[in-house]
Amino acid sequence: MEFLYAVINFLILAALIFLFGRKPIGSMMENRRKKIQDELDAAEAAEKEPLPPPEEAGGTAPLDPEQLAQPKIQEIRAEAEESLRQVEANGQAARLEVRREAISDIHKYMVSSIREQAVRMFGSEPYASLLREREGDMVRLILSRVRLTPGDIAYLKTHDVLYVTLTSAFPLPEELVRQVGDYTDQMLAAVHGKTSFWVRQDPALLGGLCLRIGDTVYDCSVRERLYQLERKMQKDDISGTESMEDVVSALEQDIERMTDRVYLYQLGRVLTVSDGICWMDGLADIMYGEVVEFSCGDRGMVLDIQPGRIGCIIYGDYTRIESGSRVRRVGRIASVPVGDVLLGRVVDALGHAIDGKGQIRTRERRPIEFHAPAILDRASVSQPLHTGIKAIDALVPIGRGQRELIIGDRQTGKTSLAIDTIINQKGKGIVCIYVAIGQKDTTVAEVRAKLEKYGAMSYTIIVCAAASASASLQYIAPFSGTAMGEYFMYAGRDVLIVYDDLSKHSVAYRELSLLLHRPSGREAFPGDIFYLHSRLLERSAKLSDQLGGGSMTALPILETLAGDISSYIPTNVISITDGQIFLDTELFFEGQRPAVNVGLSVSRVGSAAQTRLMKQVSGSLRMKLAQYRELSGFSQFGSDVDDDTRAVLDAGIRMMTVLKQGRFAPLPDWKQALLIYAVSEGYAKDVPVEKLDIFEKKLYTYMETHFPALKQTLESGVKMDDDTRQALGAALSDFAEAQVWQDSNS
Ligand code: ATP
Ligand code: MG
């Protein structure tokens, strides 16, 4: 018990160091300039005071908090002054951020000084002897927890011995060693195995001992406690509003709870590292998708389990990982932070902020791989997700919970289409997630700037694994984005997720698979690439009312080569999704933008979600446009066409022209319906093609100013009855006769 208190006292004392250096930060949080100035003066005065004479070696000498905090005061002073300038410049939001940063600085400082203290303290008396007195208790504690894992049993089936290593910071009494040896011998004899028992001494433990059985470590060492404390502090959720006293006392409590525990984890060893892939052995009970941590602190995710070796992808930089170094299970499946705090942020594939707006602080996480909702958990698609783009809402409508592929050659406006759709969700309560995979950093920056400009960033999350990111991160990114979306979907909200683009995702996965030595199939892609995309896209759904009725609409993007939609990845994704929007290079260069190819684009479920009005006015549109495309092909050969054909061509060319739409100009549903109705019913037949844009603009203002009631009816989206149709017909005839498009001043 005495030892326990000694350790607690030491750790609390270390915490107190911060109370000393805390005041300048505390006052900064209140943003009272005067008070801060006072504190800074006080700090300055403290600096000038002579240091107390150093105490004798041993005893409590290294624990004098005042002495230790001296260099920190200067640092905090400089930081406080700098932060003060920021706070004054940026107001409330910055104040909160400064506060957060101050607290996380405290965490970092606390960890490093506790470590320093521990090294000094446990090497000297009386702590060293106190620790040694506790060795018997530690052994008993460990033996009470020791179990054989399924991994150990499996190992024993092929090898008849299991390695057991007892490591301690100081030489252990023989009696304790014998106790451990006998216990493990008995435990293994019960499953017909033998022990190969080793005893080691390792000063790096700082104090205490640990027992390794197979790959499992039961750790009672000081080193492990410090490691756990560090991790806990990194994970700590700081809102930035708590007082410094709260932070320090919470830490003290953590520290107290840490003194009488055994930490349990599994270890392995790095065999080889190359190209972002690492092969390891050990880690007997590891699972697919689990996170592992290397001794340098970098992490990875297990993607391949073979007898005798485990393959994992490494997050980020792999050059710091060395062959032969230790690797440990973190004890969780790969996951990302989720929640409302992510809205408006740009994060990498692991959910770390990369927009310079400070860390993402949330406790809530979701696994990046999650099962898709079962059939009974789903409802059919019934609500529209308006893109605001005429050619899409009228011809290939999208419903909430649908998966609609955007496919086309490079530079055909795929990204633009998705971004316009996100911009159109403003004020509709839909959370948008834009996942950039293998895009240029500049493209992503541009997307972000555009979303900010049009006020769409407040409800959008950008998940970015740019071309410069490793293949592992590019592979993870869409799954991370989906996990973030699922959080909102299962909370009953509507989500729109764009994967830009899955071709680059396939290439990243192909790279990883080949490095993992998996057999390659068609176009050198691995055989499970279909499964990869289907398990990703199946997670987008419209949930049933029992599950809250949330939805996730997916817009995956694919790039084709020379319009070839029959190559491997496009055919896969086309068959997974509920339809595709095919963007045609030829149309794009003809000036038909967005370049939607009406013949090849379909929406298999979206029409159920179209408003009744839109369905009514656009019912025969697809057929008419198909007819027009066919006839326009012929008419190019000869100029002599009969009147009927001419009429079809004229109507077609007008309709194609009004379907053109600039970027960042989404239109509400009623305007689209009105325009399509006006043109398809022939009210624009006398308008010259080049004046159709004026016709369009004037039509909207005309309706809004002269027929507000009619406009309201259209806005409600209900099917037009005969009265409405007549009233609209009369209004449009008047409008057409007025020939307002002649007025070119608009
Ligand atoms: P990439 O293959 O490089 O990803 P992409 O298919 O995503 O290209 P975008 O980047 O969206 O294509 O667009 C390509 C170009 O076309 C851009 O310069 C964009 O401004 C232009 N563009 C896209 N849509 C329209 C539109 N509706 N009206 C006018 N210009 C457009
Ligand atoms: Mg693009």
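Residues numbered from 1 in each chain as written. Chains lettered and ligands numbered in written order. Predicted model: local features only at pLDDT ≥ 70, side-chain atom pairs only at ≥ 80, totals over all residues. Heavy atoms only, no water.

1. Things to note about the state of the cysteines
Selection criterion: When two cysteine sulfur atoms lie within 2.5 Å, the pair is treated as a disulfide.
Applying the stated criterion across every chain yields a total of zero disulfides. Here Cys210 stays free of any disulfide, with the sulfur of Cys220 as its closest cysteine sulfur at 9.0 Å. No disulfide involves Cys278; its sulfur sits 4.5 Å from that of Cys312, the nearest cysteine.

2. Quick look at a positive patch on the surface
Rules: Like-charged residues within 9 Å of one another, or nonpolar side chains (Val, Leu, Ile, Met, Phe, Trp, Tyr) within 5 Å, are grouped into patches, provided each residue has over 30% relative accessible area and no salt bridge. Only the protein chains shown count as cover for residues, and the accessible areas themselves come from Shrake-Rupley with a 1.4 Å probe. What counts as a salt bridge is simple: a side-chain nitrogen of Lys or Arg found within 4 Å of a carboxyl oxygen of Asp or Glu. Under the counting rule used here, the positive set is Lys and Arg, the negative set is Asp and Glu, and His together with the chain ends is not counted. To locate a charge, the coordinates of NZ of Lys, CZ of Arg, CG of Asp or CD of Glu are taken. Think of it this way: any DSSP run of H or I at least four residues long counts as a helix, any run of E at least two long counts as a strand, and we number them from the N terminus. Accessible area is worked out with a 1.4 Å probe on protein chains only. A residue is then buried under 20% of its type maximum, exposed over 50%, and partly exposed in between.
Taken together, the side chains of Arg612, Lys615, Lys719 and Arg725 define a basic patch exposed on the protein surface. If you trace the backbone, Arg725 turns up in helix H25 (residues 722-738). Here Arg725 falls in the partly exposed class, since its relative accessible area comes to 34%.

3. Quick look at the packing of helix H23 (residues 692-706) against helix H24 (residues 708-716)
Our working rule: With axes taken as lines fitted to C-alpha atoms, and helix axes fitted only over the stretch in contact, angles between N-to-C directions fall between 0 and 180 degrees. Reported orientations rely on four angle classes, namely roughly parallel under 35 degrees, roughly antiparallel over 145, roughly perpendicular from 65 to 115, and oblique for the rest. Residue contacts are defined here by distance: any two heavy atoms, one from each residue, within 4.5 Å place the two residues in contact.
Between H23 and H24, the shortest axis-to-axis distance is 5 Å and the interhelical angle comes to 110°. Judged by the angle between their axes, H23 and H24 are roughly perpendicular. Here Met703, Glu704, Thr705 and His706 of H23 lie close against H24, whose contacting residues are Pro708, Leu710 and Lys711.

4. What about the site of ligand 1?
Short version of the rule: Proximity is defined per residue: any heavy atom of the residue falling within 4 Å of a molecule or strand makes that residue near it. Polar contacts, as used here, are pairs of N or O atoms within 3.5 Å; protein pairs need one atom able to donate a hydrogen and one able to accept it. Residues neighboring in sequence count only if both atoms are side-chain atoms. Under the grouping applied here, Gly and all other residues not named as nonpolar or charged are polar, the nonpolar ones being Ala, Val, Leu, Ile, Met, Phe, Trp, Tyr, Cys and Pro and the charged ones Asp, Glu, Lys and Arg.
The immediate surroundings of ligand 1 are formed by 14 residues, with Gln411, Lys414, Thr415, Ser416 and Arg663 found nearest. Separating an oxygen atom of ligand 1 from a side-chain N or O atom of Gln411 is a distance of 2.8 Å. In the model, an oxygen atom of ligand 1 is placed 2.6 Å from a nitrogen or oxygen of the Thr415 side chain. For the shell around ligand 1, the class distribution of residues is two nonpolar, seven polar and five charged.

5. Here's the deal with the packing of H23 against H25
Selection criterion: Left-handed is the label given to a crossing in which the near helix is rotated counterclockwise from the far helix by less than a right angle, and right-handed is the label when the rotation is clockwise.
In contact at an axis separation of 11 Å, H23 and H25 are set at 130° when each is read in the N-to-C sense. Comparing the axis directions of H23 and H25 gives the class oblique. Crossing handedness for the pair H23 and H25: right-handed. Contacts between H23 and H25 involve Phe695, Lys698, Leu699, Tyr702 and Met703 from the first element and Leu728, Ala731, Leu732, Asp734 and Phe735 from the second. Here the residues of the contact of H23 with H25 are counted per class, giving eight nonpolar, no polar and two charged.

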